[in-house]
Amino acid sequence: ETGVTQSPTHLIKTRGQQVTLRCSSQSGHNTVSWYQQALGQGPQFIFQYYREEENGRGNFPPRFSGLQFPNYSSELNVNALELDDSALYLCASTRGASYNEQFFGPGTRLTVL
Amino acid sequence: DAKTTQPTSMDCAEGRAANLPCNHSTISGNEYVYWYRQIHSQGPQYIIHGLKNNETNEMASLIITEDRKSSTLILPHATLRDTAVYYCIVRLYNNNDMRFGAGTRLTVKP
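So, here's what we can say about the structure. (Residues numbered from 1 in each chain as written. Chains lettered and ligands numbered in written order. Predicted model: local features only at pLDDT ≥ 70, side-chain atom pairs only at ≥ 80, totals over all residues. Heavy atoms only, no water.)

## Things to note about the state of the cysteines
Tallying each qualifying case throughout the model produces two disulfides over all chains. At a sulfur-sulfur separation of 1.9 Å, the disulfide partner of Cys23(A) is Cys91(A). Classification of the bridge connecting Cys23(A) and Cys91(A) rests on its S-S torsion, roughly 70 degrees, and on that basis the disulfide is right-handed. Placement of the pair is Cys23(A) in strand β3 (residues 19–24) and Cys91(A) in strand β9 (residues 87–94), with a sequence separation of 68 residues. There is a disulfide in this structure between Cys22(B) and Cys88(B), and the S-S distance comes to 2.1 Å. Sign of the S-S torsion, about -80 degrees for the bond between Cys22(B) and Cys88(B), identifies this disulfide as left-handed. Here Cys88(B) lies in strand β8 (residues 84–92) and Cys22(B) lies in strand β2 (residues 18–23), a separation of 66 residues in the sequence. Judged by relative accessible area, Cys22(B) falls into the buried class, the value being 1%. Classification of Cys88(B) as buried rests on a relative accessible area of 0%. Left unpaired, Cys12(B) is separated from the closest cysteine sulfur, that of Cys22(B), by 18 Å. (Disulfide = S-S within 2.5 Å. Helix = DSSP H or I, 4+ residues; strand = E, 2+ residues; numbered from the N terminus. Buried < 20%, exposed > 50% of the residue type's maximum accessible area, 1.4 Å probe, protein only.)

## A word on the sheet that holds strand β7 (residues 70–75) of chain B
Residues and elements named next belong to chain B. Pairing within the open sheet is antiparallel, and its four strands lie in the order β2-β7-β6-β5. The open sheet has two edge strands, β2 and β5 (55–56), and neither has a second partner. Summarising the sheet, β5 and strand β6 (residues 61–64) pair through two bridges and their orientation is antiparallel. Looking across to β6, one finds that Thr 56 is bridged to Ser 61. (Pairing = 2+ DSSP bridges.)

## A look at the packing of aromatic side chains
Counting across every chain of the model gives eleven aromatic pairs over all chains. For the ring pair Tyr36(B) and Phe100(B), a centre distance of 5.9 Å and an interplane angle of 65 degrees mean the geometry is edge-to-face. With Tyr36(B) in strand β3 (residues 31–38) and Phe100(B) in the loop between β8 and β9 (104–109), this pair connects stretches of sequence that are 64 residues apart. The buried category is assigned to Phe100(B), whose relative accessible area is 5%. An aromatic cluster of at least three residues, connected via ring pairs, comprises Tyr35(A), Phe45(A), Phe104(A), Tyr36(B), Tyr46(B), Tyr87(B) and Phe100(B). (Phe/Tyr/Trp six-rings, centres within 6.5 Å; stacked < 30°, edge-to-face > 60°.)

## Some remarks on the interface of chain B and chain A
Many structure descriptions define interface size as the accessible area lost when the parts assemble. Contact residues are listed per partner, giving 17 residues for chain B and 20 residues for chain A. Across the chain B to chain A interface the summed buried area is about 1,500 Å²; carbon plus sulfur atoms make up 51%. Counting the contacts that link chain B with chain A gives zero salt bridges. Viewed at the interface, chain A and chain B are joined by three residue pairs in polar contact (both at pLDDT 80 or more). Taken together, the elements giving at least two residues each to the side of chain B that touches chain A come down to β3, β4 (45–50) and β8 of chain B. In terms of residues, the side of chain B that touches chain A owes the most to one element, β3(B), which gives three residues. (Contact = heavy atoms within 4.5 Å. Buried area = accessible area lost by both parts, 1.4 Å probe. Salt bridge = Lys/Arg side-chain N within 4 Å of Asp/Glu carboxyl O. Polar contact = N/O pair within 3.5 Å; in protein donor to acceptor, adjacent residues only side chain to side chain.)

## A closer look at the pairing of strand β7 (residues 64–68) of chain A
A regular strand places its side chains on the two faces of the sheet in alternate fashion. Residues and elements named next belong to chain A. Judged by which residues are buried, β7 turns out to be one-sided: Phe 64, Gly 66 and Gln 68 face inward and are buried, whereas Ser 65 and Leu 67, on the alternate face, are not. Bridging between β7 and strand β8 (residues 74–78) involves five bridges; their strand directions are antiparallel. Directly across from Gln 68, in β8, lies its bridge partner Ser 74. Remark: five residues form the turn of the hairpin made by β7 and β8, two consecutive strands paired antiparallel; Tyr 72 in that turn has positive phi of roughly 75 degrees.

## A word on the pairing of strand β11 (residues 108–112) of chain A
All names here are of chain A. Alternating residues of β11 divide into Thr 108, Leu 110 and Val 112, all buried, and Arg 109 and Thr 111, none buried. Relative to β11, strand β2 (residues 10–13) is paired through four bridges, and the arrangement is parallel. Considered in β11, the bridge of Lys 13 is made with Val 112. The sheet contact formed by β9 and β11 spans three bridges and is antiparallel. Within β11, the residue paired with Leu 88 across the bridge is Arg 109.

By themselves, these observations are geometric and do not establish any function.
Written as structure tokens, this is what we have:
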């Protein structure tokens, strides 16, 4: 147990729909990063939020967007879902923008039909 | 960040030391070596990280060669619960993304 929670656990959507995934960071952590993990592959960095501002982005299109709230919880929004968006979405929290240790949540399994 | 190369899979007998190698021949002087593991259907778990010196914590030891082109993660007494995918990552300390490769699938056998 890392103290990082994600909801929902599983989600099924159809192509073209929009989805919002949620993450609550560990107490005292003000930085949240989101990752996409396709089946059989390592996690791929989507973006990071630090004190409610985007603080870096990986190679993902603009239809992947995010928010961080004053309590440091975060949302990942994906518009115009594609079949290839089917994956495990992980969030990780840490204190500050340094990376001594990231604490990962259990993930949300998204299936796009 | 430098690229890493790891074996696809390894086996280890329960109770024995598990030695997981990682090659990072293009590592630069200010890049750190991190290790994470991912047990099936869970989020990755931080294990250890280091720059030049060998490091040890309650979970594992990290041995980095003098030229820093390779490293080894050592689990001193592997248990069945150590069965997981182990990721070796090289990155700048203040970079905000972790570049996971495919990792090494370690299977600990009774």
